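Chain by chain, the residues run as shown.
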Amino acid sequence: MPEKILDSFTVKRLDILDEKGNADEALMPSISNEDIRRFYEMMLLARTFDQRALNLQREGRIGTYASIFGQEASQIGSALALERTDWVFPSFRENGVYIALGHPPYKILQYWGGDERGLVTEKGLNIFPVCIPVATHVPHAAGAAMAVKYRGDEAAVVAYFGDGGTSEGDFHEGLNFAGTFRLPAVFICQNNQWAISVPRERQTAAGTIAQKAIAYGIEGIQVDGNDIFAVYKATRQALERAKKGKGPTLIECFTYRMSDHTTADDASRYRTKEEVDLWKSRDPLLRLKLFMEKKDLWTEEYQKEAEAKARSAVDEAEKKAESVERPDPRDMFNYTYGKLTQRQQQELKDF
Amino acid sequence: MPKLNMVQAINLALKEEMQRDKDVVVLGEDVGRDGGVFRITEGLLAQFGPDRVVDTPLAESVIVGASIGMAVYGLKPVAEVQFEGFIYPAVDQISNHASRIRSRSRGRHTVPLVIRTPYGVGIKAPEHHSESCEAIFCHMPGIKVVMPASPYYAKGLLISSIRDPDPVIFLESTRLYRLLREEVPEGEYTVPLEKARVVQEGKDVTIISWGFMLHRTLEAVEDIDAEVIDLMTLNPFDEETVYQSVKKTGRVVIVNEAPKTGSFGSEISASIAESAMLYLKGPILRVASCDVVLPLPKLEDYYAPTAERIKKAISEVMKY
Ligand SMILES: Cc1ncc(C[n+]2csc(CCOP(=O)(O)OP(=O)(O)O)c2C)c(N)n1
Ligand SMILES: [Mg+2]
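Okay, so let's go over this structure. Just so you know, these numbers come straight off a predicted model, no measurement behind them. (Residues numbered from 1 in each chain as written. Chains lettered and ligands numbered in written order. Predicted model: local features only at pLDDT ≥ 70, side-chain atom pairs only at ≥ 80, totals over all residues. Heavy atoms only, no water.)

A word on the interface of chain A and chain B. Of the residues lining the interface, 36 residues belong to chain A; the matching set on chain B comes to 36 residues. Here chain A meets chain B over a buried area of about 3,200 Å², counting both sides, of which 56% is carbon and sulfur. When residues of chain A are sorted by the area they lose upon contact with chain B, Arg269(A), Met332(A) and Arg343(A) head the list and together hold 20% of the total. Taken together, chain A and chain B are joined by two salt bridges. (Contact = heavy atoms within 4.5 Å. Buried area = accessible area lost by both parts, 1.4 Å probe. Salt bridge = Lys/Arg side-chain N within 4 Å of Asp/Glu carboxyl O.)

Here we come to the packing of aromatic side chains. Inspection of every chain in the model, using the stated rule, returns 22 aromatic pairs over all chains. Here the aromatic rings of Tyr152(B) and Tyr153(B) are separated by 4.9 Å at their centres, their planes lie at 80°, and the arrangement is edge-to-face. Here the aromatic cluster, defined as three or more aromatic residues joined through ring pairs, consists of Phe38(B), Phe83(B), Phe86(B) and Tyr177(B). Over the ring of Tyr302(A) we find Arg37(A); its NZ or CZ atom is 4.3 Å from the centre of that ring. A cation over a ring is seen here: Arg282(A) above Trp279(A), with NZ or CZ 4.4 Å from the ring centre. (Phe/Tyr/Trp six-rings, centres within 6.5 Å; stacked < 30°, edge-to-face > 60°. Lys NZ or Arg CZ within 6 Å of the ring centre and 35° of its normal.)

This part takes up the site of ligand 1. Looking at ligand 1, there are 20 residues lining it, with Arg93(A), Asp163(A), Gly164(A), Asn192(A) and Glu60(B) nearest. Backbone polar atom of Ile132(A) to a nitrogen atom of ligand 1: 2.9 Å apart, as the coordinates give it. One nitrogen or oxygen atom from the side chain of Asp163(A) is found 2.8 Å from an oxygen atom belonging to ligand 1. Across the shell around ligand 1, the residue classes tally to nine nonpolar, six polar and five charged. (Near = heavy atom within 4 Å. Polar contact = N/O pair within 3.5 Å; in protein donor to acceptor, adjacent residues only side chain to side chain. Nonpolar A, V, L, I, M, F, W, Y, C, P; charged D, E, K, R; others polar.)

Next up, the structure:
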C-alpha cells in the first residue's frame, strides 16, 4: 500500500514594521496615533528603567538583575494588547510587561533588590509573581485558563517564557493540556536566541518554536518580536480566539537579548560582537521612531520631552525604592503558612 | 603545591578524571562554551571536545535521565544541574531510576553517575538559588550524598564519586566556591566516601557539620575544647566516627544549613539517641535554618545558622 499524506502543515510568520520604519499598511492593526505614541513612550520608559536598573546593580544598590534590552517590543506590544481581566504568568524577564500593565516601577526595583514585597500587585492587576524555575509556570497558566473556562469568565491567561523554556517538560505538558481542553490561554515565547550561553539551535532541531504548536493541535505563529505592531496584533488575535473558545495560541516573538543574560553573566564569552551589532540595527524603538517620523508623530522636541518624562518616572522609582523601609525579618515566618506553627513560634522566641 | 579555591579544585578533579578515563563525560546547561555559570567546567570543552563536554538543552529531567542511560551503557557521566533549586524536574529520574536500577536489575545494571549541583546561602542570589535540600536525597536508598567543605576534600571526594559504581549527588556550597584556598595536590589522590573526618579533636562537646556550615562551626568553637566532625558523605554516613566521638564527649551539637524540620541533622540526632544515648550528658541540639521559605537577599542573613547561634547551642549543652 502506498504511503499517504494524512495532513500537512504550514508555519506562519508576521512582519508589519521593518527596520527602516516602513509598515505594511494592509497588515497594520487598527490603532490610533495616540496609541502609537503610547507604545513608543512605554518602550522608552521600559528601556530607561532597564538601563537604570543595570546601573543600580553595578553600584550594588540592587541584586542580580535580568535585562530586557532589545525585547521591549515583545513585552510592551503583548502587554498592551491585554485587558484588565486577563491574567499574566511571567517568568523572570518580564520587567517591561510589569511596567506596561501599570505595576509601579519602584516595586520592580524593590523586588530585584531582594524584597518579596516588590511583587505584590494591587488588587485588580492580575500578574502572578515572578517564576524563576524555567517553564514551571506554564502548567499554572493552563490551570488558570481551565478555571477561567470553568467559571465562564470573559478572560484569557497569558504565560511568558523564553526559547530555553521550550525544552522543559513543563512547557510540553502545559501546552498539551491547554490544547486538549481548548483552554483560553496564550503562550508567549520570547525567543531571544539565547538561554544564557546556549544558542537557540541547541534547544531544538525544529526550525521554529512556533511550529511546536502544530503537535499540540493549537494555533502557532512566529512574529518579528522587534516589531511592536506585529506583536500587538498577534497577541490581540490570540486573545480573541481564546475568549471565543477557539483554544490556545503559541506566539513566538523572534527577538534578541541585547544584554548579558543577567548581571551575573558575561555574554562576550560565548557570542560575537558582530552578532550583537547585527541586532542593533533591528532595534525595536528605532524602527518605531522612524515610522512615527514619517507619519509626523515624532520630532526632536517630542523625543526630548518623552525622554525627560521617562527619566523623571525612573528617578522617582529609584528614590521611592530606596526609601522603602526594610522588611521585617519576622515576615519570613508570617508568610510561610497562614498561621505560625508551634515550632515557628519557638524559633521566633529564640530569634 | 598550588593553592586552589574550590572552583579550581573541582575543575582539576574533572580534568584529571577525564584524562585518565575516556568514559567520563560532562553534561549540563552552559557547561561547555561558557565553562559553567560558576566556571567549574572552564577549559574542559577546549581540551576534551563537544562529544565529552555537552551543552544540553534546558531540561534537567533529560540531563539526568540521559545520564542514567549513558551510565547503564558503561559511561561515567558527570551531570551538572545549574542550581540545586532547579533539580526538581530531575527528581523523578533520581528517585525512581538512578537509585533503583541496581536493585531492579538485581545487579545486572548499575548507574555510575555523579550529579554535581551548587547549593546554599551566601551569594545573595534570586529565589531558588540558596536552598540546602540534601535531606531529600538522603531519603532515597541507592543514592549517595556527598558535601565537601574545602578544596582539598572537594577534589578527592569528587574523584571517588566519579569512580563509585553507584549514583552520587555531589553538593557544592556556592559560598565556599571562592571563600578559601588551600593546598591541593595535582594528580591522583582520593578521599574515601562514607568516611567522616575529625577536623579538630576535643573532649567537651562533639559538633557535627558539613559543607559551608562547617566554617561557621569552626568560627564558633574558637575558645571551646570541641571535637568537630566534617561528615563529608551524608548518606551513608560514618556512624562509627560519630558515635566514638559522642562516647568521648557526651555532648552533641549538630549544625546544618537546611531548615530544622526533617533536616539530615535530625537523622543524625536520632541515630545518636539510638546508639549512644547512655553516653550523653544532656540533650542533642540541632542548629539549623528557620522553618520558613528561604527569604530573598534582604532577609537572607536572618535565615541560616550563624556562629552566634552555634555558640549559644554549645553553651546550652555545656550546662550539663
Ligand atoms: C529549571 C531551571 N533550570 C535552570 C535555571 C537557570 N537558568 C535561569 S535562566 C536560564 C536560561 C533561560 O533561557 P530562556 O528560557 O531562553 O529565557 P531567557 O533567559 O533568554 O529570557 C537558566 C538556564 C532555571 N532558572 N530554572
Ligand atoms: Mg532565551
